[in-house]
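Structural characterization, general
One-letter residues, chain by chain:
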Protein chains: 2
Amino acid sequence: MTKDLRDYIRTIPDFPHEGVLFRDVTTLFGSAEGLHEAIEQTVAALIGIKVDKVAGLEARGFIMGGAVAQRLGVGFVPLRKKGKLPGKTITQDYELEYGTATLEVHDDAIEAGENVLLLDDLIATGGTAEAGIKLIEALGGKVVQSTFIIDLPDLGGQIR
Amino acid sequence: MTKDLRDYIRTIPDFPHEGVLFRDVTTLFGSAEGLHEAIEQTVAALIGIKVDKVAGLEARGFIMGGAVAQRLGVGFVPLRKKGKLPGKTITQDYELEYGTATLEVHDDAIEAGENVLLLDDLIATGGTAEAGIKLIEALGGKVVQSTFIIDLPDLGGQIR
């Protein structure tokens, strides 16, 4: 029977600032059963979709990303905040609640024509995910699926 | 035959600043074969050691961490830079080349008596790893093994 991942996620009030209900996935990943289920549900949702690379958004997207890539038998590509990747990169700005931030990927991390699965723990406004998709597409990759454990539909991320 | 992980790692000169040879593991993780081999060699080194939790150091330690935890059938615990974890935490300062930084873990992430595998991509001076070990021990966990893909023996990390 499929388990409900929500049972493993806890909500922390007023983080990172007052009035925010923070969905904390560390309790999901900290549970052997929860981690296994999150990975297997992500893989199960791909039936019929060929994936060549898994890309994960820094930093929580890395936890699922390496595991799902291993499970699929493909490589993993980190999409990182500016200044963390040592090689030649391409960048994409995106909007935050206050100001902007920049996402980066190595320019040789994805080959033209590769099918990419994009992973993060949570989609809120979708700004970071959108920047990730633009980076993957700029390298000639095709985002065949984006998987997030948590959706916050009130913030509209899935609509983009 | 066991593959040499060094074959998948590239060296980038002058990152993050002039005179540093940066060992870049993104090419290892980006290779299906390299990622698989890194995970399997980490698991193989544990023969006879019981592991209850895998702890990974932010952020590159997360990539292997989730995958190794899944492979061992246990949960994953992120050790993060200050201010990223939403729940109640304990902290440990450590020294950087210039100044200090703080590592944090949720105070309920590890139970007393649990055997913990600590993971990161690289050990240089060992300062971050030492802070991680202190946090795990402060929660009553026992670090039964620390695994790093890359050692920089000139910097003395393994001697601590």
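Residues numbered from 1 in each chain as written. Chains lettered and ligands numbered in written order. Predicted model: local features only at pLDDT ≥ 70, side-chain atom pairs only at ≥ 80, totals over all residues. Heavy atoms only, no water.

Thoughts on the packing of helix α3 (residues 60-72) of chain A against helix α2 (residues 32-44) of chain B
Note the following rule: In this analysis an axis means a line fitted to C-alpha atoms, helices contributing only their contacting stretch, and an angle means the value between N-to-C directions, from 0 to 180 degrees. Put simply, DSSP H or I for four residues or longer makes a helix, DSSP E for two residues or longer makes a strand, and each gets a number counted from the N terminus. When describing relative orientation, an angle under 35 degrees is termed roughly parallel and one over 145 degrees roughly antiparallel, while 65 to 115 degrees is termed roughly perpendicular and anything else oblique. Contacts are residue-level and defined by heavy atoms, with any inter-residue pair within 4.5 Å sufficient. All amino acids are sorted into three groups, where Ala, Val, Leu, Ile, Met, Phe, Trp, Tyr, Cys and Pro are nonpolar, Asp, Glu, Lys and Arg are charged, and the leftover types, Gly among them, are polar.
Orientation of α3(A) relative to α2(B), taken along the N-to-C sense of each, is 105°, at an axis distance of 10 Å. Taken together, the axes of α3(A) and α2(B) are roughly perpendicular relative to one another. For the pair formed by α3(A) and α2(B), the contact residues are A:G66, A:A69 and A:Q70 on the first element and B:L35, B:H36, B:I39 and B:E40 on the second. Along the lines of polarity and charge, the residues of the contact of α3(A) with α2(B) split into 3 nonpolar, 3 polar and 1 charged.

A short note on the nonpolar core
Condition: The definition of a nonpolar core used throughout is a set of buried Ala, Val, Leu, Ile, Met, Phe, Trp, Tyr and Cys residues joined through side-chain atoms within 4.5 Å. Any residue under 20% of the maximum accessible area for its type is buried, any over 50% is exposed, and the rest in between are partly exposed; the area is computed with a 1.4 Å probe on protein chains only.
Counting 51 residues, the largest nonpolar core has A:V54, B:V54 and B:I149 as its most contacted members. Residues contacting B:I149, with those up to four places away along its chain left out, are B:L5, B:I9, B:L28, B:F29, B:A38, B:M64, B:D120 and B:D121. By size, the runner-up hydrophobic cluster in this structure holds 20 residues, among which are A:L57, A:A131, A:I136 and A:L139.

Notes on the confidence of the model for chain A
Regions with low pLDDT carry predicted coordinates that are not meant to be interpreted in detail. Short version of the rule: pLDDT expresses, on a scale from 0 to 100, how confident the predictor is about each individual residue.
In this model, chain A carries a mean pLDDT of 94, and residues with pLDDT of at least 70 account for 98%. Interface confidence for the predicted complex, expressed as ipTM, amounts to 0.94; the pTM equals 0.95.

Examining the packing of aromatic side chains
Residues and elements named next belong to chain B. Using the following cut-off: Under the pairing criterion, centres of Phe, Tyr and Trp rings, with the six-membered ring standing for Trp, must be within 6.5 Å; the plane angle then separates stacked pairs below 30 degrees from edge-to-face pairs above 60, leaving the rest tilted.
Scanning all chains against the criterion turns up 4 aromatic pairs over all chains. Summarising the aromatic geometry, the rings of F15 and F22 are spaced 5.1 Å apart at their centres and angled 90° between planes, so their arrangement reads as edge-to-face. Note on accessibility: F15 and F22 belong to one class, buried.

Side note on the sheet that holds strand β4 (residues 75-81) of chain A
Residue and element names in this part refer to chain A. Note the following rule: Whether two strands pair comes down to DSSP finding at least two bridges between them.
Read from one edge of the open sheet, 6 strands run β5-β6-β4-β3-β7-β8, paired in mixed fashion. With partners counted over all chains shown, the strands left at the sheet margins are β5 (89-95) and β8 (142-151), one partner each. Each neighbouring strand pair of the sheet contributes to a mean axis angle of 25°, computed without reference to strand direction. Judged from the 2 bridges that link them, β4 and strand β6 (residues 100-106) form a sheet pairing that is antiparallel. Counted as the bridge partner of R80 is E104 from β6.

Here we look at the environment of A:I149
Topologically, A:I149 is positioned in strand β8. Separated by 111 residues in the primary sequence, A:I149 and A:A38 place their C-alpha atoms 7.5 Å from one another.

Some points on the pattern of salt bridges
Residues and elements named next belong to chain A. As a reminder of what qualifies: The salt bridge definition used is simple: a Lys or Arg side-chain nitrogen within 4 Å of an Asp or Glu carboxyl oxygen.
Scanning the entire structure with this criterion turns up 22 salt bridges over all chains. Close ionic contact of K3 with E33 constitutes a salt bridge, the shortest N to O distance being 3.9 Å. With a gap of 30 residues between them, K3 in the segment before β1 (10-13) and E33 in helix α2 (residues 32-44) connect regions that are remote in the sequence. Here K3 falls in the partly exposed class, since its relative accessible area comes to 32%. Across the pair D121 and R60 runs a salt bridge, and its minimum N-O distance is 2.5 Å. On the criterion of sequence distance, the pair formed by D121 in strand β7 (residues 115-123) and R60 in helix α3 is long-range, its members being 61 residues apart.

Considerations on the sheet that holds strand β3 (residues 53-57) of chain B
Residue and element names in this part refer to chain B. With mixed pairing, 6 strands are arranged side by side in an open sheet as β5-β6-β4-β3-β7-β8. The sheet is open, and its two edges are formed by β5 (89-95) and β8 (142-151), each paired on a single side. Across the sheet, the mean angle separating the axes of adjacent strands is 25° when strand polarity is ignored. With 7 bridges connecting them, β5 and strand β6 (residues 100-106) associate as antiparallel partners.

Some points on the relation of the copies chain B and chain A
The cut-off we apply is this: When the copies are overlaid, the least-squares fit takes in C-alpha atoms only where the residue has pLDDT of at least 70 in both copies.
Taken as rigid bodies, chain B and chain A are interconverted by a rotation of 180° and an axial shift of 0.0 Å, the fit giving an RMSD of 0.0 Å. Classification of the inter-copy transformation places it as that of a two-fold axis. It is B:A67 whose C-alpha, among those of chain B, lies nearest the rotation axis, at 1.9 Å. Of the residues that chain B buries at the interface, 100% are likewise interface residues in chain A, meaning the two copies contact each other through the same surface.

Focus on α3(A)
Residue and element names in this part refer to chain A. The criterion, for reference: An expected span of 1.5 Å times one less than the residue number is assigned to each helix.
The terminal C-alpha atoms of α3 lie 19 Å apart, and with 13 residues this matches the ideal 18 Å at 1.5 Å per residue to within 8%. Across the 13 residues that make up α3, a large majority, 10, are buried. Three or more residues of α3 are buried, namely G61, F62, I63, M64, G65, G66, A67, V68, A69 and Q70. G73 sits one or two positions beyond α3 and adopts a positive phi of about 75°.

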